[in-house]
Amino acid sequence: MIIRWSVLLLALLCGVLAEDVRTWEDDVEKVWTKDQISSSEEDDSDKFWKETKSSEEDDKDGNKHKPWLEIEDGQIFHGLINENDMSMVELHPKLKASDKDSGDAGKICQFRITQQDVPFDAYVLNPNTGEGYIRARKELNCEDKKEYTFTIQAYDCGIPEKGIQQKKSHKATVRIQVNDVNEHGPEFTASGYEATVMEGKNYDNILKVEAEDRDCSPGFSQICSYEIVTPNVPFQISEDGIISNTEPLQYVDGHNYILTVTAYDCGQRRADLDVLVTITVKEQCHPGWKDFQKRIEYEPFSGTKALLPKVYLETCGEEVSDITTTFTLETSHIGKGCDRDTYSSSSLLKLCGASQGSIDLLPAPGLGSEWTQNLPTDEGHEGDQVFSFDGRQTGVEIPEGVVPKNLTNQFTIATWMKHRETFGGDKETILCKSDKKELNRHHYSLYVHNCKLMFLLRHDGGDLETFRPAEFHWKIPQVCDKEWHHYAITVDFPEVNLYVDGIPYSPFLVTDDWPLHPSKFDTRLTLGACWQGGDQELSQYFRGELAGLLIHPGKTETRRVISCLHNCNESLEFHSFDETGPGSETKRTKREEKRDSLSPVHFNPDQTQLFLRGEFTPKNPDNEAYTLDKYTKVLQKVAYQNGRQFPTPGMRALKIHTEVNCFDDETCIEVPDVDAYVMVLHPEEPTINLSGTDHLARRVTELDQGVTPFRDLRIVSTIVRDVEEEEEEELQEEGSAMAGGATEVTPISHNLDACQITVDPPLESGKEELTVPKEDLARLRLEKSTATNGLVIKGVDTIANYEDILRKVIYRNSKAGDYFDRVLKLKCSEMNGRYESNEYAVELKVLHTLNVANPESHVKVAAVAQNVAQFVHAKHGVGESVVQPHQVPQVVASSQSANVVTSLVIVICVGFLIFMIVLGVYRIRAANRRNMDSEWDQAGEPRMEWDSSDLTITVNPMDVEYEGAESDSSDDDDDSAHDDSDSSDDDDEPPREVLGYGQELEWDSTAMVA
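Reading the values: rules and limits
- Residues numbered from 1 in each chain as written.
- Predicted model: local features only at pLDDT ≥ 70, side-chain atom pairs only at ≥ 80, totals over all residues.
- Heavy atoms only, no water.
- Helix = DSSP H or I, 4+ residues; strand = E, 2+ residues; numbered from the N terminus.
- Buried < 20%, exposed > 50% of the residue type's maximum accessible area, 1.4 Å probe, protein only.
- Areas by Shrake-Rupley, 256 points an atom, 1.4 Å probe, with all protein chains shown as cover.
- Core = buried A, V, L, I, M, F, W, Y, C linked by side-chain atoms within 4.5 Å.
- Contact = heavy atoms within 4.5 Å.
- Pairing = 2+ DSSP bridges.
- Axes fitted to C-alpha atoms, helices over the stretch in contact; angles between N-to-C directions.
- 1 Å grid on protein atoms, 1.4 Å probe; cavity = no way out; pocket = protein on both sides within 12 Å on 5 of 7 lines; lining within 4 Å.
- Points joined across faces, edges and corners; volume = space filled by probe spheres on them.
- Nonpolar A, V, L, I, M, F, W, Y, C, P; charged D, E, K, R; others polar.

Trainee: Tell me what's going on with the overall build of the protein, and back it up with residues and numbers.
Mentor: In terms of helices and strands, the protein carries 14 helices and 60 strands. A burial count over the protein gives 42% of its 1010 residues as buried. Working note: accessible area of the protein is about 54100 Å², and carbon and sulfur atoms make up 49% of it.

Trainee: Could you give me a rundown of the nonpolar core, with the residues and numbers involved?
Mentor: Counting 51 residues, the largest nonpolar core has Phe 710, Ile 757, Leu 770, Ile 793, Leu 806 and Leu 826 as the members making the most contacts within it. Every residue in contact with Leu 806, bar those within four places of it in the chain, is listed here: Phe 710, Leu 713, Ile 715, Cys 755, Ile 757, Ile 793, Leu 826 and Cys 828. Among the nonpolar cores identified, the runner-up in size contains 39 residues, and Phe 387, Met 417, Leu 457 and Ile 551 belong to it.

Trainee: Lay out the sheet that holds strand S7 (residues 131-136) with the relevant residues and their values.
Mentor: The strands making up a sheet are joined through hydrogen bonds of the backbone, oriented either antiparallel or parallel. Within the open sheet, the seven strands sit side by side as S5-S8-S9-S2-S3-S7-S6. Their pairing is mixed. What marks the edges here is a single partner per strand, and that holds for strand S5 (108-113) and strand S6 (120-126). The average undirected angle you get between the axes of adjacent strands in this sheet is 35 degrees. Bridging between strand S2 (residues 77-82) and strand S3 (residues 88-92) involves three bridges; their strand directions are antiparallel. Within the sheet, the bridge partner assigned to Leu 80 lies in S3 and is Glu 90.

Trainee: Which residues make up empty space enclosed by the protein, and what values do they have?
Mentor: Taken as a whole and judged by the stated rule, the model has seven cavities of 30 Å³ or more. Size it by volume and the largest cavity reaches roughly 200 Å³. Forming the walls of the largest cavity are 21 residues, and the residues nearest its centre are Tyr 343, Ser 344, Ser 345, Ala 547 and Gly 548. Broken down by secondary-structure element, the contributors of at least two residues to the lining of the largest cavity are helix H4 (345-351) and strand S39 (543-553).

Trainee: Which residues make up the layout of surface pockets, and what are the values?
Mentor: Estimated volume of the largest pocket: approximately 1200 Å³. What lines the largest pocket is a set of 43 residues, among which Pro 363, Glu 783, Val 792, Lys 794 and Gly 795 lie closest to the centre. Elements represented by at least two residues in the lining of the largest pocket include exactly H4, strand S24 (359-360), strand S50 (751-760), helix H10 (774-780), strand S52 (783-787), strand S53 (790-798) and strand S55 (821-830). Considered class by class, the residues forming the lining of the largest pocket number 15 nonpolar, 18 polar and ten charged.

Trainee: How would you explain the pairing of S39 if you had to name every residue and give the values?
Mentor: For S39, the tally of buried residues reaches ten of eleven residues, placing the bulk of the element in the interior. Here S24 runs beside S39; their pairing, made up of two bridges, is antiparallel. When the bridges of S39 are listed, Ile 359 appears paired with Ile 551. As defined by bridge partners, strand S25 (residues 387-390) adjoins S39 across four bridges and the pair is classed as antiparallel. The partner of Ser 388 across the bridge, within S39, is Glu 545. Looking at chain direction, strand S27 (residues 410-419) and S39 are connected through eight bridges and run antiparallel. Its bridge partner being in S39, Thr 412 is matched across the sheet by His 552.

So, in structure tokens, the structure goes:
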């Protein structure tokens, strides 16, 4: 019994202790969470004691346990609710509480949110299971607040009326996120956008449109794309709203564009209001040279012509720090690289002041230069005469005697050459002297091999045991660049120099060799190939074009002469800088000289390229340094000039390339190239007119001594030019006869380079010849070539000098008695045949003597008379004539106009003249025979005897009287005829021998015997 009560007492004691411990834990929890529990009207201390007391009472009433929320330690309730939605919040984990008590005390009757400003309410879904839920008290807006955090407690179903007090659980954290709904569309930040662009440019960023979305979530509040609604426009828009153009805009295509742009958020909701974007296209400021002409006309012989007299550089507002401008004049298609004089090489040497003695190996085909007539040529009328070599079979032999066999240790070889593309590594010979047969030895040779120019010089004889320089090599790019270049080799053995376009080059390799052994064989000089004497054929053919190949034995030309041969007559020119740059003739300060040095001008050797550079400083009113405006003024002084009197017409391309640097490299401009051209107009072609006496009659004795057929030659050159309107008005005011006309003939002065005299029929060797005074040829440095059909005088000189020397040309005929007439034709030319004169012909009549005793001479006299009639009629037409029957008749025609009736009278008179001559001869002979015996018997002493068989009468048909009235002459009016003749001589000009005036019948005293 005692044991039972002891156990009961012990259990009671343990229960009391356990209840005290539990009560103490609750009190501690209340102390720590008193600030989080909803306030009540009682203060905390009273509540503590009351709850302590009620817990003691509850223990008595049966509500022993507190409810607890079924959630792990540290875990919180997560909730999600759509905005504008008042439905139940979905929590994780679910809201649930439990209580170990039984009965109502074990049920959950309430979930209470401890904060008062939370728009949520907590509800019990099932008291028995302790499930609950949370519902929004009002419609929530994510844009106002995206998330709510609060604490919640569960209460059991303690019934205060029955004395059972409620107990609450510990607090748990609830975090509810308001789920965004895409209720807002994007809205643009501006009501409209505007931008201006320059035409012709591509822009990566013209402007940027921007939209915003008031939704709270990233998925709905972010703008994911933009779209240009306007169709078919040259623009595009990026996801970031940057508008760019898809092609360069042109002002002429449209001055502005109006685009409709919309935006989409990441929920693909489109903006409620689209926005308008206006893009204005501004006419572009094109940087570059302005105010210039692409076609620049050049009037021949007009001096210099400014290429860009009004040009200026448009920089579009950019400040340029430095600029380099390059002018390039394209002349490679004109002649041999530019417009040069088309005279022969020897003539050019004369113009350049070289000494005499040069030999042109490629002269124009013609009299005395027949070896070039089969070579392909461009005829040289518009430009230089060029000979083409095909590299396979084109080669020519220079005739013997043209070039001396011994060139000596000093000589010059010069030529123009354009070498074409080669195939293989064979030699290509330009000029070669080699053995004529048996051997293949080359005495000297100029050739191309593997784009190297080589010159071989093997001396003959001398010290055969001494090595000497023999082969000279030059490796220069000009040989194979397919352009025209002038090459000159001067030899002053053992020194050999090469000049290319006037610039000297030293050989990179010189090879020595033995001298050639003396040989009994002759040599052969060839051009365009080399003669192989052992093989008896040409080989090593040259492929390209050659012109002006000359050799000057015994003389090395100076560099000045060689440069003169290469000089172009057309070029770019530049005058003084005056106040804008270098070259001013005025005295300048050191500051000005330093400023001028900023704009140097450089030319290439041909002056077909000009380089002009300028450096500038930033714009500063106080800065006197070189400026772009001054540089432009310098540029305006660049000019074109062509020194030829008759330049080659046609187009010369002109390219202007400009490079600029700016102070701001990012926005620096690019200046486009300028493509223009100089159009050289056709020169007014000269008309070269040769005139003078075109009919001459000379006695046989005179022709034997020599006559000057062109004694009164006149050479006149004129041009026909259009009369300007102003000049025509002046002529009309002056009452000139030219008024109303469109052209004017003006005499001009220029050179001639050749005159050719042709004899028809050809000269008979050994009997006839044409000569020119050698001293005059030497004085004028002209060349003469003769052949059976005439004579050629070559070399550039003035018209006056050619006129003078042609007047001195002498025609001789040692057998003139065998001829009745000769025709000498003269023709002159300028610029290698580009301009030719008319053909001037002189008909020379041979005056024969009459042998009275020889009947055959009667026929000859009749033929002479007939020729005289034809001569007179051909020369003067029909005119008056005076016939003296007692003399040998002389007939001359007047210069008056003829008609048919007068011509018939002349023919009848001439026929009567012939009859009277024959009759007179017959009567003289008959009378002589009848009276010879009687006269001899009557004479007291022997008388002079006439040998009638040898009596001859000289007939000079040109020796006539020139009067206006008819002469009533008869056989017996000797004195009257002489008086008339004397009177005619007194009234007219003195008789000229060239026309045969004033000469009477002459007796051939050599045929008279005593």
